[in-house]
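# Per-entry structural report
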Amino acid sequence: MPSPTPATHNPCLPSANPCPGPGTLRNRALTHRRCKTIPLYARLVRYGFRKHATYVGAALAGAFTNSVFGILRAYILIALWQARPGLAGYDLIDAVTYCFITQAFIGPMQLFGGGLGIPERIRSGDIALDLVRPASLQLWSLAEDLGRALYLFIVRGLPPMFVGAALFGIFVPTDPGHWLAFLTGFMIAAVASFGWRYLVALSVCWLVDDRGVAVLSLVFTTFMSGMMVPLHIFPGWFADLARSLPWAAMVQLPTDLYLGKGPVLETLALQAFWAAVLLGLGALGTRAIRHKVVIQGG
Amino acid sequence: MIELDGAGRTFKVKRTVVHAVRDLSFTVSAGEFVGYLGPNGAGKSTTIKMLCGILTPTSGRVRVAGLDPSRRRTTLARRIGVVFGQRTTLWWDLPLLDSFQLIRHLYKVDRSAFESRLDELTQTLDLGAFLRTPVRQLSLGQRMRGDLAAALLHAPDVLVLDEPTIGLDVVSKASIREFLLRLNAEQGTTVLLTTHDLGDIERLCRRVMLIDHGRLAFDGTLDDLMATAPEQSSIEDVVTRLYTGTAQ
Amino acid sequence: MVRTYFLLVWTWTRASAAYPASFALMCVLGFVTAALDVAVILVIFANTTTLAGFSRDEVLFLYGAAALPFTICDTFVSNIDRVSQHIKAGTLDTVLIRPVSAWVQLTADRFNANRIGRILQACLVLGYAVAALGLDWERTWMIPVMVLTGVVIFSALWTLGGALQFVLTDAPEVISSFTYGGLQLTQYPFSIYGRDLVSGVTYVLPLAFVNWQPGLYVLGRDDPFGTPEFLRFLGPAAALVLSLPAALAWRQGIRHYRSTGS
């Protein structure tokens, strides 16, 4: 399914970096001081939000597509649950809700890939500029990506939910604690999704042809995450395996939190574990890429 | 070869009507080499597009090689060659030679005629070194020569060029100018050249037309052009005076 | 026109044949991506033996009968949905200078021979289903007919989408929800859908004639929605009925571009 990616932008201009430090550009370039001030990253989240807010047309088109596919998929799941009522502990409403929630996740979690400008910047060499900034490339990218996820949650995530509610009727939690659990899970899922996509993006630096990795990633983020069908209906051992893999943390686990299935704390913990692992691997990858690009000039 | 009679073209830009070309009339006979000048936004590109059939005129009559471009687009396409200076007519991802092959198939050029013509063009435009290079990797000068060859592979009667020497270095400009002169002299191809480069006009065109604000402001020989402002010595000053003159 | 199309396609294929490893990789990747839809069907049937009254092999048959014409069109026609890209880049002008119809040039543009991987996948699924179902041999003549009508219907759908891009230049993704949505819709037996939706795709946008109506005939089944028997054979007529407005819309789109120069 085609999904547009916005043009890359290099905010590596003096005015974009509010991090306090010595006045000269040369000093800033040579200093690997980590600028961990909260205002910087909060600003980046806002920047990411506003950058993607300029592509309203594309986001709305995406919302339309996601809604159409939501309707088509809902019928499939209804037919299945009519043949097997109560399958995997879901009732019919749960199944339909699952369908529209997973469609709503497509935008924020970029389940069909992309959302990061890193691969293009690696190919053009601009990534070297990013790596000498006095802030971590990974955290910088994460902050921007969270801004993007927030924007797409509103513009591309809510419409399919409304369509599902209007045409089929979906389950909506009423308990505030329930909402808190879900929203926490959603945020962690967005971080985990970023973590995975960041690793895939970095791999461009070492691979001649990144299309193989892109397709592999697609298989994981759409099929193994529980987006196409709930992981619970996979055959026995395969379901157990899929549920414990990182991609489940992006879709299936937060969906279960929304539906109120499964233990809340264990689910959040598993999600957080995978988000941390992916970010950790990403940090190692960042170090490796810095070594390759900045020090070796690769 | 080229006939415009009261041709006009309007655009609707946010509720206002813009006259890009207004009551334009001129005739270009076979074998002529005509320069087409005008300030930016004067209507040069619009005229070119109408001649090729990309744009249909809103009023008046346009005939190229006796054909109406808006009605007989595909028939006309076989008799006309076009070079857009600011973008390429070649296929970006393919090697130059593959682009030429595609053109051969599109224009249904006979194989032996194509090969002899390709050899000739490769020689005169010096394409041999980069025939197998993808177009996106070519320098501007190389790409322009490739575009020229592409426009001439099917031996058109008319060649229309929209700012072909833009951005080129002195040497490249000279070689392209020489090529165009020879083409017009030896093959009798009618050439319509749009340009901002007055050096092109001086060296190539016997006849010059100047368009401004959609109207034809001047149509005559190079000598006539210089005579409009006898106190000015350089062609730049003469043309500037004409531009600012028509603006008043 | 057909000859020109295949000559263009051949030139693009030759260009990518210069990189055989990359070509083979892309074939495999196409196969894998397409196989995900089959994986979903298999997972569904790991949990039930019938879906809306159809068995697994019947659903695989319907899937194959939809995927095959779709992947054929995806390979040979789908490039037409890049019209808005061409308009924005100015390359549509380059297309219009040539003495060949814009439709032929645009559908052949950047032809991707490696999409054959997807066609192969669809063939395999269809072949398996036909073998596994033990169909009435006298009815199998309908299968090539339905693939052919499917190709015409999807081509018409893509052409309509391309024509719409002349006016909706900034939202080409909306159109893909109809073309790719068309595949999603036809992958499963229509008995899962609501009556209104099925009527819509039978009488308004005749996607039902890609695989559902003729498929019912091949499978020897009655229509759960109770449509009369003769509808099963109207595939070619439906394809024709859709092609006419598609061709007109395309011509109108080109005319619109040439008269507004947008």
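In short, a report on the structure.

Cut-offs and rules
- Residues numbered from 1 in each chain as written.
- Chains lettered and ligands numbered in written order.
- Predicted model: local features only at pLDDT ≥ 70, side-chain atom pairs only at ≥ 80, totals over all residues.
- Heavy atoms only, no water.
- Contact = heavy atoms within 4.5 Å.
- Buried area = accessible area lost by both parts, 1.4 Å probe.
- Salt bridge = Lys/Arg side-chain N within 4 Å of Asp/Glu carboxyl O.
- Polar contact = N/O pair within 3.5 Å; in protein donor to acceptor, adjacent residues only side chain to side chain.
- Helix = DSSP H or I, 4+ residues; strand = E, 2+ residues; numbered from the N terminus.
- Nonpolar A, V, L, I, M, F, W, Y, C, P; charged D, E, K, R; others polar.
- Pairing = 2+ DSSP bridges.
- Axes fitted to C-alpha atoms, helices over the stretch in contact; angles between N-to-C directions.
- Expected span 1.5 Å × (residues − 1).
- Buried < 20%, exposed > 50% of the residue type's maximum accessible area, 1.4 Å probe, protein only.

### Remarks on the interface of chain A and chain C
Each partner contributes to the interface: chain A provides 29 residues, whereas chain C provides 31 residues. When the two sides are added together, the surface that chain A and chain C hide from each other amounts to roughly 2,700 Å², 79% of it contributed by carbon and sulfur. When residues of chain A are sorted by the area they lose upon contact with chain C, A:Leu72, A:Tyr75 and A:Ile76 head the list and together hold 20% of the total. The tally of links between chain A and chain C comes to zero salt bridges. Summed over the shared surface of chain A and chain C, the number is three residue pairs in polar contact (both at pLDDT 80 or more). The biggest single contributor to the side of chain A that touches chain C is helix 3 (residues 56-83) of chain A, with 13 residues. Considered class by class, the residues forming the side of chain A that touches chain C number 22 nonpolar, three polar and four charged.

### What about the interface of chain B and chain C?
Taken together, the contact between chain B and chain C spans 29 residues of the former and 27 residues of the latter. Both sides together, the interface formed by chain B and chain C hides about 2,500 Å², and carbon and sulfur atoms give 57% of it. Ranking the residues of chain B by area buried against chain C places B:Ile54, B:Arg73 and B:Leu106 at the top, with a combined share of 25%. Linking chain B with chain C are four salt bridges, by the criterion used here. Between C:Asp93 and B:Arg87 there is a salt bridge, and its shortest N-O distance comes to 3.2 Å. Elements that contribute at least two residues to the side of chain B that touches chain C include exactly strand 1 (2-13), helix 2 (73-77), strand 5 (80-84) and helix 3 (96-107) of chain B.

### Re the sheet that holds strand 4 (residues 59-64) of chain B
All names here are of chain B. Spatial strand order, 2-1-4: three strands in an open sheet with antiparallel pairing. A strand with exactly one partner marks an edge of an open sheet, and here the two such strands are strand 2 (16-28) and strand 4. Between one strand axis and the next, the sheet turns through 30° on average, direction left out of account. In this structure, strand 1 lies alongside strand 2, joined through nine bridges in antiparallel fashion. Each bridged residue has a counterpart across the sheet, and for Phe11 the counterpart in strand 2 is Val18. In this fold helix 1 (residues 44-52) packs onto strand 1, strand 2 and strand 4, with an angle of close to 115° to the strand it touches most, strand 1.

### Considering helix 12 (residues 235-260) of chain C
With 26 residues, helix 12 of chain C extends 37 Å from end C-alpha to end C-alpha; this agrees with the ideal 38 Å at 1.5 Å per step. Taken residue by residue, helix 12 of chain C has C:Gly235, C:Ala238, C:Ala239, C:Leu242, C:Ala246, C:Trp250, C:Gly253, C:Ile254, C:Tyr257 and C:Arg258 as its buried positions. Residues of helix 12 of chain C that are buried sit in contact with strand 1 and helix 2 of chain B together with helix 4 (83-89), helix 5 (91-97), helix 6 (102-108) and helix 8 (142-164) of chain C.

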